[in-house]
Amino acid sequence: MCEINSIRPVYPDMIKPVSRKFDVVVLGGGAAGLMCAVEAGKRGRRVAVIERAEKIGKKILISGGGRCNFTNIHCTADNFISANPHFAKSALARYTPRDFIGLVEKHRIPYHEKTLGQLFCDRAASDITQLFEEECRAAGVQTFLSQRVTEISRTTEFVVRTDAEEFHAPALVVATGGLSIPKIGATSFGYEVAQQFGVKIQKTRPALVPLTLSAKEKKQYSDLAGVSMEVIARAGECAFREKMLVTHGGLSGPAILQASSYWEPGKPLTMDLAPDKNVTARVAAAGTRNAAALRNAFVGILPRRFLDRWVELHEPDDWTNASLEKLEKLIHAWSVVPAGTEGYEKAEVTAGGVDTDELSSKTMECENVRGLFFIGEVVDVTGQLGGFNFQWAWASGAAAGRSV
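Residues numbered from 1 in each chain as written. Predicted model: local features only at pLDDT ≥ 70, side-chain atom pairs only at ≥ 80, totals over all residues. Heavy atoms only, no water.

1. What about the overall build of the protein chain?
Item 1. A count of helices and strands for the protein chain gives 13 helices and 23 strands.
Item 2. A principal-axis box enclosing the C-alpha atoms of the protein chain has dimensions of 90 × 45 × 35 Å.
Item 3. Within the span of the protein chain, comprising 404 residues, buried residues form 55% of the whole.
Item 4. Counted over contacts in the protein chain with a minimum sequence separation of 6, partners at least 24 positions apart contribute 73%.
Item 5. With the model as given, the accessible surface of the protein chain reaches about 17,800 Å², and the carbon-plus-sulfur share is 50%.
Item 6. Placing the 48 positive and 46 negative side-chain charges of the protein chain at their respective mean positions leaves the two points 2 Å apart. (Helix = DSSP H or I, 4+ residues; strand = E, 2+ residues; numbered from the N terminus. Buried < 20%, exposed > 50% of the residue type's maximum accessible area, 1.4 Å probe, protein only. Contact = heavy atoms within 4.5 Å. Areas by Shrake-Rupley, 256 points an atom, 1.4 Å probe, with all protein chains shown as cover. Lys, Arg positive; Asp, Glu negative; His and termini not counted. Charge placed at Lys NZ, Arg CZ, Asp CG, Glu CD.)

2. Points about the nonpolar core
Item 1. Counting residues in each nonpolar core, the largest one holds 85 residues, and the members touching the most others are Ile128, Phe374 and Trp394.
Item 2. Apart from the residues within four sequence positions on either side, Phe374 is in contact with Val174, Gly190, Val193, Ala194, Val199, Val354, Leu359, Met364, Cys366 and Val379.
Item 3. By size, the runner-up hydrophobic cluster in this structure holds 40 residues, among which are Leu251, Ala259, Ile301 and Trp334. (Core = buried A, V, L, I, M, F, W, Y, C linked by side-chain atoms within 4.5 Å.)

3. What about the environment of Ile73?
Item 1. Among the structural elements, Ile73 can be located in the loop between strand 4 (69-72) and strand 5 (80-81).
Item 2. You can call Ile73 partly exposed: its relative accessible area is 38%.
Item 3. Sequence-wise, Ile73 and Ala124 are 51 residues apart; in three dimensions their C-alpha atoms are separated by 19 Å.
Item 4. Once you skip the residues sitting within four places of it in the chain, Ile73 turns out to touch Pro97, Ile101, Glu113, Gly117 and Leu119.

4. Considering unusual backbone geometry
Item 1. The phi angle at Asp276 is positive, at roughly 65°, despite the residue not being glycine.
Item 2. The residue Met364 is not glycine, and still its phi comes out positive at about 70°.
Item 3. Mapped onto the fold, Met364 is located in the loop between strand 21 (349-354) and strand 22 (372-374).

5. Points about the packing of aromatic side chains
Item 1. Scanning all chains against the criterion turns up 17 aromatic pairs.
Item 2. Judged by centre distance (5.8 Å) and plane angle (50°), the rings of Phe70 and Phe100 are tilted. Residue Phe70 is located in strand 4, and its partner Phe100 is located in helix 4 (residues 97-106); the two are separated by 30 residues in the primary sequence. This pair shows no difference in class: Phe70 is buried, exactly as Phe100 is.
Item 3. Arranged with centres 4.9 Å apart and planes meeting at 75°, the rings of Phe144 and Phe167 form a pair that is edge-to-face. Taken together, the positions of Phe144 in strand 8 (residues 142-144) and Phe167 in strand 11 (residues 165-169) put the pair 23 residues apart, joining distant regions of the chain. Of the two residues, Phe144 and Phe167, both sit in the buried class. (Phe/Tyr/Trp six-rings, centres within 6.5 Å; stacked < 30°, edge-to-face > 60°.)

6. Describing the sheet that holds strand 15 (residues 228-235)
One key point about sheets: their strands pair by backbone hydrogen bonds, in either a parallel or an antiparallel sense.
Item 1. Taken together, 7 strands build an open sheet; the order of strands is 19-18-15-16-17-14-20 and the sheet is antiparallel. The two strands at the open ends of the sheet, each matched to only one other strand, are strand 19 (334-336) and strand 20 (340-341).
Item 2. Where strand 14 (residues 211-212) lies against strand 17 (residues 250-252), 2 bridges are found, and the strand directions are antiparallel. Counterpart to Thr212 in the pairing with strand 17 is Gly250.
Item 3. Those strands touched by helix 11 (residues 304-314) are strand 15, strand 16 (238-246) and strand 19, and its axis lies near 85° from that of strand 19. (Pairing = 2+ DSSP bridges. Axes fitted to C-alpha atoms, helices over the stretch in contact; angles between N-to-C directions.)

7. Description of the state of the cysteines
Item 1. What the rule picks out here adds up to 0 disulfides.
Item 2. For the unlinked cysteine Cys75, the closest cysteine sulfur is that of Cys68, found at 14 Å.
Item 3. Cys75 supplies the cysteine sulfur nearest to Cys238, a cysteine that is in no disulfide, at a spacing of 16 Å.
Item 4. Cys238 gets classed as partly exposed once you look at its relative accessible area, which sits at 24%. (Disulfide = S-S within 2.5 Å.)

8. With respect to helix 4
Item 1. Taken together, the buried positions of helix 4 are Pro97, Phe100, Ile101, Leu103 and Val104. Taken around the axis of helix 4, the buried residues stretch over an arc of 155°, which confines them to a single face.
Item 2. Against helix 1 (31-42), strand 4, strand 6 (111-113), strand 7 (118-121), helix 5 (126-139) and helix 13 (388-401) lie the buried residues of helix 4.
Item 3. Count one or two residues on from helix 4 and you reach Arg108, which has phi positive near 55°. (Arc of directions from axis to C-beta.)

9. Here we look at helix 5
Item 1. The terminal C-alpha atoms of helix 5 lie 20 Å apart, and with 14 residues this matches the ideal 20 Å at 1.5 Å per residue to within 8%.
Item 2. Within the sequence span of helix 5, burial applies to Asp127, Ile128, Thr129, Leu131, Phe132, Glu135, Cys136 and Ala139.
Item 3. The positive-phi residue at the C-terminal boundary of helix 5 is Gly140, with phi of around 75°. (Expected span 1.5 Å × (residues − 1).)

10. A few points about the environment of Cys75
Item 1. Within the element layout of this structure, Cys75 appears in the loop between strand 4 and strand 5.
Item 2. By relative accessible area, Cys75 is classed as buried at 15%.
Item 3. Through-space distance from the C-alpha of Cys75 to that of Pro97 is 7.2 Å; in sequence the pair is 22 residues apart.
Item 4. With near-sequence residues (within four places) excluded, Cys75 lies in contact with Phe80, Leu92, Pro97, Phe388 and Gln391.

Shown next as structure tokens:
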């Protein structure tokens, strides 16, 4: 990573940077940064949001298939991964899903619950970005778009320099996100800021990401791309009952994305292909025990194309009771060792990030750098699929915004 301290912009003699004074400078106009800015603005703070992109909330706009899964009504700290599993509790308790739902209803945005407590906009994700545009205006927040930060320094206050402007403030909030989805502008910038000020980082990795299969398994299953089915996917001690999707490169779908956040390279991923069903009991009860009977037993449980292939690859050597019992166990614990993940390009979030031991769980302020805050995805708090990462953005943003 580059050292931000080494970047020294040179301004032509006739062009001086425009110098602006604020109480709070927020780096990043995404979910967490916008929430922080609004909460701080409501407290009378003069707030500037500096965003590199040409519009705010680019990740909000593409989330949830364009409808933004903006929270989950069942959100608890148990839905998050962190080196410190207790860190998120305080912020999540003080800004709840009900709080954000209230904001959505205040702006008369229609929404619905899809499954498992996931709330989506009825119309489009742009309803949420428009909500924040209106809230920022009401709170007096100033937003600066298409601004590339070239230098950050600190003496008695923070100074943030962009290509043409200079921002001064006693408080700096880093809400620049993680490494996931680089095509919409994700970078390592937030981690570089942390390193500049001596803040420790937990190793980052793609999370909520499709998994790739070995060459052998890819050859066996890749032509089934597009086939999906309900499974229980297990990685380590965590299991998720949702849809699995076969892709050209491996496995995806909600169950796999969930499990991917807990999967460790080289370790197996286990799928229950027939939750709550006893498949081989139907075979044992049939007059004839053979592959055709097994395929018939799977009808209504697995898609025909997948079950034909799976039976072909796992047909037992004989059809004794012992073999059927062994096969039944395999059906409920089909194990594969993924070759890897599809990386940050396809990951919905980044696991790891700014070490929570460095931050106050109540305010998100650095323990050793007064006035410096980290919020949202850049922090080592990663939610499960289903609106939890947005809830962490709102909660951590609110915690910082109420403190700066």
